[in-house]
Amino acid sequence: MLSMEEIYREHSQTVYGYLLSLTRNADTAEELTQETFYQAVKSAKKFDGSCKITTWLCAIAKNVFLSYSRKHPSADILEEHTASSPSPENEIFSNMGQLELMKRMHSLNNEMREVMYLRLLGGLSFREIGDIMSQTENWARVNYYRGKEKIKKELEADEYKA
């Protein structure tokens, strides 16, 4: 198995991107990324290899975020996001600016939005997303598809209005 330093170098950006998508605040995302890896070090013996390291780390990150949210219910949320190049499967988003995409995704329900963030920003597979969210791979695919279709319909409606 890789050392924790190697794991951090390899996966910190994915964890950070995921947390940034949840917090929408670069400083908070950085702080929670550090806490995620601290918790990962503490529980490294519990990692049994039954899932990818990224899946395990994102599950820890989600718990760290939920804990943070309970402790800081009135924390300010900024609308700043990091740039991320869209994957080839997301042609619909390729002509849309990053900020516009984030605004549209922000209007989705929480689960759909999280699936889309994990897929687009985290680059995770549907299976990994299902694992993180304690759902099936198919559930993740359906939520991603529905989110994409909702954004597509909003874009078409906006073009029709213009």
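Keep in mind that what you see is a predicted model, and the values were worked out from it rather than measured.

### Quick notes on the pattern of salt bridges
Any two side chains of opposite charge can pair if their charged atoms end up close together.
Argument step 1. A complete count under the given rule lists 5 salt bridges for this structure.
Argument step 2. Where Lys52 meets Glu128, a salt bridge forms, and the shortest distance between an N and an O atom there is 3.4 Å. Placement of the pair is Lys52 in the loop between helix 2 (26-42) and helix 3 (53-71) and Glu128 in helix 7 (residues 126-132), with a sequence separation of 76 residues.
Argument step 3. For Glu128, a relative accessible area of 7% translates into the label buried.
Argument step 4. Measuring nitrogen to oxygen at the nearest pair gives 3.0 Å for the salt bridge that ties Glu137 to Arg141. Of this pair, Glu137 and Arg141 both sit in helix 8 (residues 137-161), 4 residues apart, which is roughly one turn of that helix.

### A closer look at the nonpolar core
Argument step 1. Counting residues in hydrophobic clusters, the biggest one holds 41 residues, and the most contacted among them are Leu19, Leu57, Met105 and Ile129.
Argument step 2. Per element, the largest residue contribution to this core is 9 residues, and it comes from helix 3.
Argument step 3. Excluding residues within four positions of it along the chain, Met105 makes contact with Arg113, Met116, Tyr117, Leu120 and Ile151.

### Description of the confidence of the model for the chain
Argument step 1. On average, the chain scores 79 in pLDDT, and the residues at 70 or more come to 82%.
Argument step 2. Mean pLDDT values over the elements of the chain span from 51, in helix 4 (residues 91-94), up to 91, in helix 2.
Argument step 3. In the model, residues 76-92 has pLDDT below 50 throughout and makes 33 contacts with residues more than four positions away in sequence or in other chains.

### Some thoughts on the environment of Ser107
Argument step 1. Structurally, Ser107 can be placed in the loop between helix 5 (98-106) and helix 6 (110-120).
Argument step 2. Taking the C-alpha atoms as reference points, Ser107 and Gly147, separated by 40 residues in sequence, lie 9.8 Å from one another.
Argument step 3. Filtering out sequence-adjacent residues up to four positions away, Ser107 remains in contact with Lys150 and Glu154.
Argument step 4. A distance of 2.7 Å separates the side chain of Ser107 from the backbone oxygen of Arg104, its partner in a polar contact.

### Considering the packing of helix 1 (residues 4-23) against helix 3
Argument step 1. Contact pair helix 1 / helix 3: the axes reach a minimum separation of 10 Å and the direction vectors enclose 40°. The angle between helix 1 and helix 3 falls in the class oblique. The way helix 1 lies across helix 3 gives a crossing that is right-handed. Taken together, the residues of helix 3 that come into contact with helix 1 (itself represented by Ile7, His11, Thr14, Val15, Tyr18, Leu19, Leu22 and Thr23) are Ile53, Thr54, Leu57, Cys58, Ala61, Lys62 and Phe65.
Argument step 2. Along the lines of polarity and charge, the residues of the contact of helix 1 with helix 3 split into 10 nonpolar, 4 polar and 1 charged.

Conventions used here
- Residues numbered from 1 in each chain as written.
- Predicted model: local features only at pLDDT ≥ 70, side-chain atom pairs only at ≥ 80, totals over all residues.
- Heavy atoms only, no water.
- Salt bridge = Lys/Arg side-chain N within 4 Å of Asp/Glu carboxyl O.
- Helix = DSSP H or I, 4+ residues; strand = E, 2+ residues; numbered from the N terminus.
- Buried < 20%, exposed > 50% of the residue type's maximum accessible area, 1.4 Å probe, protein only.
- Core = buried A, V, L, I, M, F, W, Y, C linked by side-chain atoms within 4.5 Å.
- Contact = heavy atoms within 4.5 Å.
- pLDDT = per-residue confidence, 0-100.
- Polar contact = N/O pair within 3.5 Å; in protein donor to acceptor, adjacent residues only side chain to side chain.
- Axes fitted to C-alpha atoms, helices over the stretch in contact; angles between N-to-C directions.
- Parallel < 35°, antiparallel > 145°, perpendicular 65-115°, else oblique.
- Left-handed = near helix turned anticlockwise from the far one by under 90°.
- Nonpolar A, V, L, I, M, F, W, Y, C, P; charged D, E, K, R; others polar.

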